[in-house]
Amino acid sequence: MDERFINFDSKSSLDDFNCVINEANIGLPEKSKTRIQIPNTSLYYDYANIFGDVYSERTLEYTFLICDVNALNTTELEHRKGMIANWLIPGSQHLLQDSAIPGYYFKAEVQSAPEYTDNIDYAFFKVSFTCYPFRICNFEEGKDIWDTFDFDNDVAQDTSFSISESQKILLINTGSTVLNPGINVTGNLSITMNDETKVFTSGIYTDTGLVLERGENVVNLSGSGTVQFHFTKEVI
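Residues numbered from 1 in each chain as written. Predicted model: local features only at pLDDT ≥ 70, side-chain atom pairs only at ≥ 80, totals over all residues. Heavy atoms only, no water.

1. As for the overall build of the chain
Scanning the chain from N- to C-terminus turns up two helices and 20 strands. C-alpha extents for the chain along the principal axes are approximately 75 × 55 × 30 Å. Here the chain, with 236 residues, has 36% of them falling under the buried criterion. Long-range contacts, defined as pairs at least 24 residues apart, comprise 68% of the intrachain contacts of the chain with a sequence gap of at least 6. Accessible area for the chain stands at about 13,600 Å²; split by element, carbon and sulfur atoms hold 47% of it. Looking at charge distribution, the chain has the averaged site of its 16 positive side-chain charges lying 5 Å from that of its 34 negative ones. (Helix = DSSP H or I, 4+ residues; strand = E, 2+ residues; numbered from the N terminus. Buried < 20%, exposed > 50% of the residue type's maximum accessible area, 1.4 Å probe, protein only. Contact = heavy atoms within 4.5 Å. Areas by Shrake-Rupley, 256 points an atom, 1.4 Å probe, with all protein chains shown as cover. Lys, Arg positive; Asp, Glu negative; His and termini not counted. Charge placed at Lys NZ, Arg CZ, Asp CG, Glu CD.)

Quick look at the structure:
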């Protein structure tokens, strides 16, 4: 059986610190609801109808076992603890990958000090990560990496198009939240997506003002040139 581990801030708990996961709790994000009661009725208006679902941050909790602790003297164990603290605590959000959740990563930050428990036979440390609500696919839509393709949840789709006059295309957001796609454009194009029309000239755009709703999105393209859409699935 393979040992479970995490990669965080480009370092591995197993390979770099000789620690394996003893316990893991992958928390789910809470849905934040904003509703107002409609005057003189028993009905409520849900702002999610306008802005979509809103979620709070999620918490990942891991308890790690420091391997071969019997081979460490007190000075060496304290040195190992210091190395772990300097790996986990500094900075803001870093990418976190869990070997038990392949194909996805979290945006995570340690906001409180790890808790250590040790005696002559073992040493554990427990750490909590505060994370962006969604886990994010390692690959953009349209890449179709077959070794990691999830036939239950993924879709194979084109995200690059050549346009000479006008064309209607379909983009599918299989994730759990709306997305703001980036685009690469050559030529001059008009793009209409979910009742929003934007005009683009040649360039690379990360803030397009366009929104991909969950599920199928019919997109109208007109003009002359090419366009490539960049978006990555985010799931709970």
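From this point, the discussion proceeds with the structure in view.
2. A look at the state of the cysteines
Should the sulfur atoms of two cysteines be covalently bonded, the bond is a disulfide. For the structure shown, the criterion picks out zero disulfides. For Cys137, which is in no disulfide, the shortest distance to another cysteine sulfur is to Cys131 and amounts to 17 Å. (Disulfide = S-S within 2.5 Å.)

3. A word on the side chain of Glu141
Counting through the fold element by element, Glu141 comes out in the loop between β13 (135–137) and β14 (160–163). Buried charge Glu141 goes without a salt bridge, the closest partner of opposite sign being Lys233 at 5.1 Å. Discounting residues that sit within four places of it in the chain, Glu141 has contacts with Val155, Gln157, Thr159, Ile172, Thr174, Phe231 and Lys233. (Salt bridge = Lys/Arg side-chain N within 4 Å of Asp/Glu carboxyl O.)

4. Regarding the nonpolar core
Here is a general trend for soluble globular proteins: nonpolar side chains tend to be buried in one another's company. By size, the foremost hydrophobic cluster in this structure holds 27 residues, and its most contacted members are Ile6, Tyr62, Leu88, Leu96 and Phe129. Secondary structure elements with two or more residues in this core: β1 (6–8), β3 (19–26), β8 (58–66), α2 (74–88), β10 (104–110) and β12 (123–131). Beyond its immediate chain neighbours, meaning those up to four positions away, Leu96 contacts Ile6, Asn7, Phe8, Leu60, Tyr62, Tyr105, Phe106, Ala108 and Phe129. Judged by nonpolar contacts, the second largest core, of 18 residues, contains Leu179, Ile183, Val219 and Val227. (Core = buried A, V, L, I, M, F, W, Y, C linked by side-chain atoms within 4.5 Å.)

5. Overview of the pairing of strand β17 (residues 196–200)
As judged from the five bridges shared by strand β16 (residues 182–193) and β17, these two strands associate in the antiparallel manner. Residue pairing for β17: Ser190 is matched across the bridge by Val199. (Pairing = 2+ DSSP bridges.)

6. Re the side chain of Ser190
Within the secondary structure layout, Ser190 lies in strand β16. Beyond its immediate chain neighbours, meaning those up to four positions away, Ser190 contacts Thr197, Lys198, Val199, Asn220, Leu221 and Ser222.

7. Some thoughts on the packing of aromatic side chains
A ring pair, where both rings are aromatic, is described by two values, the distance of the centres and the angle of the planes. What the rule picks out here adds up to twelve aromatic pairs. Where Tyr122 meets Phe124, the ring centres are 5.1 Å apart and the plane angle is 50°; that geometry is what we call tilted. Of the residues examined, Tyr122 reaches a relative accessible area of 31% and is grouped as partly exposed. Judged by its relative accessible area of 22%, Phe124 is partly exposed. Each residue in the set Phe8, Phe17, Tyr62, Phe64, Trp87, Tyr116, Phe125 and Phe129 is aromatic and connected to the rest through ring pairs, giving one cluster. Lying over the aromatic face of Tyr132, Lys107 brings its terminal NZ or CZ to 5.3 Å of the ring centre. (Phe/Tyr/Trp six-rings, centres within 6.5 Å; stacked < 30°, edge-to-face > 60°. Lys NZ or Arg CZ within 6 Å of the ring centre and 35° of its normal.)

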